[in-house]
Every structure is written in C-alpha cells, then in structure tokens.
Amino acid sequence: MLRIGIVAGEVSGDILGAGLIKELKALYPDAVFEGIGGPLMQAQGCRSLFSMDRLAVMGLIGPRRLCELLSIRRQLRHYYLSNPPQIFVGIDAPDFNLGLEKKLHAAGIKTVHYVSPSVWAWRRYRIRKIRKAVDMMLTLLPFEAAFYRGAGVPVTFVGHPMADHIPMHTDRDAARAALNLAPDAEIIALLPGSRMSEVKYLASAMLAAARWCLKKRPNLQFVAPFANAHTRQYFEQLQIQQYNELPITLVDGRSQLVIAAADVVILASGTATLETALLKRPMVVTYKMGAFGFWVYKSLVKVAFVALPNLLAGRALVPELLQDAATPEALGEAALEYLRDPTRKLATQQAFESMHMQLRCAADTTAAHAVAQLMGAT
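As the structure is a prediction and not an experimental result, all values here were calculated from the model.

I would appreciate a short explanation of the overall build of the chain in the present structure.
Each helix and strand counted, the chain has 17 helices and 13 strands in total. Its C-alpha atoms give the chain a radius of gyration of 22 Å, near enough to 21 Å, the size a compact globule of 378 residues would have. By its C-alpha atoms, the chain is 70 × 45 × 40 Å across when sized along the principal axes. Counting only residues that meet the buried cut, the chain has 50% of its 378 residues in that class. Considering only residue pairs separated by 6 or more positions, the chain has 67% of its internal contacts joining residues 24 or more positions apart.

I keep staring at the sheet that holds strand β9 (residues 221-226) and nothing clicks. Help me out?
Spatially, six strands are ordered β10-β9-β8-β11-β12-β13 in an open sheet, and the strand pairing comes out parallel. Only two strands of the sheet have a single neighbouring strand rather than two, namely β10 (248-252) and β13 (320-322). Strand-to-strand twist across the sheet, computed as the mean angle between neighbouring axes with direction ignored, equals 20 degrees.

Looking at this structure, how should I read the packing of helix α3 (residues 63-82) against helix α4 (residues 94-106)?
Packed helices, taken two at a time, are described by the angle their axes make and the gap between the axes. The contact between α3 and α4 brings their axes to 10 Å, and the two run at 30 degrees. Taken as axis vectors, α3 and α4 run roughly parallel relative to one another. Of the two possible hands of crossing, α3 and α4 adopt the one that is right-handed. Facing Leu-69, Ile-72, Arg-73, Leu-76, Arg-77, Tyr-80 and Leu-81 of α3, the residues of α4 in contact are Asp-95, Phe-96, Gly-99, Leu-100, Lys-103 and Leu-104. Residues of the contact of α3 with α4, tallied by class, amount to eight nonpolar, one polar and four charged.

Is there a simple way to explain the packing of aromatic side chains in this structure?
In this description, a pair of aromatic rings is defined by centroid distance and the angle of the planes. Counted under the stated rule, the structure contains four aromatic pairs. Measuring from centroid to centroid gives 5.9 Å for Tyr-79 and Tyr-80, while their planes differ by 70 degrees, and the two rings are edge-to-face. When the centroid spacing of 4.9 Å and the interplanar angle of 55 degrees are considered together, the rings of Phe-226 and Phe-235 count as tilted. Side by side, Phe-226 and Phe-235 carry an identical accessibility label, which is buried. Chaining the aromatic ring pairs together yields one cluster made of Tyr-79, Tyr-80 and Phe-88. Geometry around Phe-96 places Arg-73 over its ring, the cationic atom sitting 6.0 Å from the centre.

Explain the sheet that holds strand β1 (residues 3-8) to me, please; I cannot follow it from the model alone.
In sheet architecture, strand pairing relies on hydrogen bonds along the backbone and comes in two forms, parallel and antiparallel. Strand order in the open sheet formed by seven strands is β3-β2-β1-β4-β5-β6-β7, with parallel pairing between adjacent strands. On the outer flanks of this sheet lie β3 (47-48) and β7 (155-157), each paired with one strand and no other. Across two bridges, strand β2 (residues 32-36) lies against β3 in parallel orientation. For Gly-35, the partnering residue across the bridge sits in β3 and is Ser-48. Here helix α1 (residues 11-27) sits on the sheet in contact with β1, β2, β4 (87-91) and β5 (110-114), set at roughly 165 degrees to β1. Against the sheet, helix α17 (residues 363-374) engages β4, β5, β6 (136-139) and β7, with an angle of about 160 degrees to β5.

Got a minute to help me understand the pairing of β5 in this structure?
On a regular strand, one side chain projects to one face of the sheet and the next to the other, so that they alternate. Within β5, four of the five residues are buried, which leaves the element mostly enclosed by the surrounding structure. In this structure, β4 lies alongside β5, joined through five bridges in parallel fashion. Counterpart to Phe-88 in the pairing with β5 is Thr-111. For the crossover that starts at β4, traverses α4 and ends in the parallel β5, the hand is right-handed. Inspection of the sheet shows β5 paired to β6 by three bridges, in the parallel sense. Pairing of His-113 across the sheet is with Met-137, part of β6.

Rules behind the numbers
Residues numbered from 1 in each chain as written. Predicted model: local features only at pLDDT ≥ 70, side-chain atom pairs only at ≥ 80, totals over all residues. Heavy atoms only, no water. Helix = DSSP H or I, 4+ residues; strand = E, 2+ residues; numbered from the N terminus. Rg over C-alpha atoms; globule rule 2.2 N^0.38 Å. Buried < 20%, exposed > 50% of the residue type's maximum accessible area, 1.4 Å probe, protein only. Contact = heavy atoms within 4.5 Å. Pairing = 2+ DSSP bridges. Axes fitted to C-alpha atoms, helices over the stretch in contact; angles between N-to-C directions. Parallel < 35°, antiparallel > 145°, perpendicular 65-115°, else oblique. Left-handed = near helix turned anticlockwise from the far one by under 90°. Nonpolar A, V, L, I, M, F, W, Y, C, P; charged D, E, K, R; others polar. Phe/Tyr/Trp six-rings, centres within 6.5 Å; stacked < 30°, edge-to-face > 60°. Lys NZ or Arg CZ within 6 Å of the ring centre and 35° of its normal. Right-handed = clockwise from strand over helix to strand, strands pointing away.

Following this line, the structure appears as structure tokens:
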C-alpha cells in the first residue's frame with residue numbers, strides 16, 4: 001500500500017493539496033494520504049490527524065499557541081517515523097513544515113515542499129535549511145525555480161493554479177451586469193487588502209486618490225470588494241464621514257468579479273496583483289505600513305520590486321507606489337494614465353497575456369507527476 005504524508009496549514013494550502021491528491025489518486029488509485037488537511041483535502045480522501053485550523057497562524061503568537069504547534073509537529077514526526085510513508089509533501093506553512101521535513105529527510109523519507117517561501121526576497125540564509133530538508137521544491141513561479149537551481153536545490157516549476165482556473169479572456173460587460181454596474185462607465189476598482197491592518201493604512205489614501213481622480217474625470221465610478229464585514233465596516237464609515245461625494249459601490253467578496261468589471265485597479269501589494277494580471281486589468285500597486293516596519297522591510301528585502309507582475313516581468317511593468325510615495329495625487333495620476341493612453345493599456349494587457357500563458361502549466365497534474373517521479377515512478 002502506498003502511503004503519502006501531506007500537511008497543509010491554511011485555506012490556500014488546502015486548495016493546492018486537494019488538487020494534488022486528486023491527480024495522485026489518478027496515478028495511484030489505492031494510495032493512502034495522511035497528515036493535516038482542510039475540508040477539500042479530506043473530501044479527496046486525506047485522513048487529517050489534527051484540525052488544520054490549529055496550524056493557521058498570522059503574525060506573532062503567544063507561548064501557549066507556540067507550545068501547541070510544537071506539540072503537533074512532534075506528534076506528527078513520531079507518527080511518520082514510526083510508520084514511514086513513501087514520501088512526505090509539506091504545502092506552504094514553511095515555519096511548520098520545513099522543520100518537520102528536515103527530520104523526516106534525515107531519517108531517509110523523501111520530502112517535497114510545495115510553494116516556495118519568499119527566501120529569494122528576504123532571509124536568504126534559510127536556503128541552507130531548505131537544502132537539508134527537501135528532496136524537491138515545487139514552485140508556482142518561474143523566477144523562484146531559477147533561484148533554487150542557482151542554490152543547488154532540486155526544483156520543479158509547476159505553474160500557478162490560479163492561471164489554470166482563470167480564463168484567458170474575461171467578459172467585462174458580464175461582470176458589470178452581475179454587479180449592477182453601468183456598462184459604459186469608466187470604473188476604477190479599489191482593493192485596500194484583506195487584513196484590517198492593511199485597510200487601516202490604505203483606505204484613506206485610496207479614497208483620497210479616488211476623489212482626486214473624480215475632479216479630473218467627473219464621470220468616473222468606483223467599486224471596492226471586501227473579504228469580511230470588519231474591513232468593509234471600517235472602509236464604509238471612513239467613506240461616509242470624509243468622502244461621501246464619491247460614487248462608489250461596496251461589494252461583499254467577489255473580488256475577482258470586481259477586478260474583471262474594472263478598467264483600472266488600485267490595489268494593495270499581494271496575491272491580488274497576480275489575480276489582476278491574469279484578469280488582464282491594468283493596475284497601480286501600493287502599500288503602507290508603520291514607519292519602523294517599513295524601515296525593517298527595506299533593510300531586509302533584496303529584490304527590486306514588490307508586485308508579482310513586476311517580479312515576473314523582470315521590469316517595472318506596473319507602477320509601484322509604496323509608503324510616502326503613495327500620495328493621492330500619485331496614485332490618481334498613475335491610474336488615470338491608463339485611461340488617457342489606450343496604447344499603454346493595451347501593451348500592459350498584452351504583457352499580462354504572455355504572463356498568463358507562462359504560468360498556465362496544469363499545476364495540479366505537473367506537481368503530481370513531479371512527486372511520482374521522485375518516488376521512482378514515471
């Protein structure tokens with residue numbers, strides 16, 4: 001019986017894990033999957049030894065939570081060493097999984113880490129630990145694979161599942177109809193982030209930029225999606241109190257639909273920038289944080305860009321306005337430039353199309369075959 005250990009620590013990992021398990025089951029119908037997974041992985045037959053919710057960690061944690069996480073990892077290690085699987089796959093959650101992978105790898109169990117930590121951008125010394133922990137790194141982005149090859153770590157670029165799921169061409173009019181937005185209006189989408197800390201730093205800047213744009217183009221409309229009720233409430237109260245004149249539609253969730261409906265997107269740096277590129281919408285990327293945090297960030301990060309589209313393109317394909325540079329005027333001017341210059345907008349969209357094709361590699365299938373090959377199969 002083929003046994004595969006697998007651990008995911010959050011919702012995005014559960015999605016990747018479910019796709020991987022589905023494709024591995026097509027290769028090995030009798031395979032057994034054991035570890036930690038969410039509802040999607042469990043629906044594919046994964047036996048979850050602990051609740052995935054217990055691994056979900058954001059920011060600093062207290063001693064009690066740390067002790068719990070270390071206990072779970074210790075119990076998993078004992079379980080796998082006592083009942084060795086043919087291979088172990090850790091999905092993201094590097095602080096948890098890499099330590100477990102290192103112990104299993106030292107015991108002769110083949111290990112795979114799926115989704116690279118941002119070691120190419122900061123804390124590059126972690127590559128030494130990764131080299132000792134994994135037999136194969138599976139990356140979602142091509143420049144990550146190039147980094148690992150240069151560092152002597154076996155790696156396979158599998159593509160990004162988001163590129164597989166988002167169609168090459170999206171219907172702007174259908175998206176607007178679904179959101180009850182005017183079909184012929186010029187629309188700018190505002191995405192201030194999914195976390196309250198992001199929204200608190202970016203909401204005012206984005207709303208002020210929208211006001212600046214509206215003075216230049218009085219027929220503009222705006223739309224903003226929110227991941228949860230807390231971030232929407234904060235944004236909405238600020239808008240009502242200080243920017244009540246703005247013609248803005250607030251949407252619960254459905255960020256992908258909002259992006260598809262827009263002509264231009266102003267958004268927080270993060271995964272949403274890749275989603276926006278795959279939807280072929282021109283964007284202005286921004287981010288703000290506390291002054292000390294930004295100083296630490298600038299001292300640690302070793303890459304020229306923060307936006308994923310720019311990292312993938314290897315150049316300043318879309319504007320990045322960070323910290324003090326993210327003034328209402330600068331954000332607004334960068335957004336309106338796309339509306340004034342159709343040639344630039346088209347060139348940006350064409351670059352996004354090439355990017356989409358590069359990332360569309362049937363990630364689930366490619367990852368499954370990489371795992372199978374590592375186990376000695378073809």
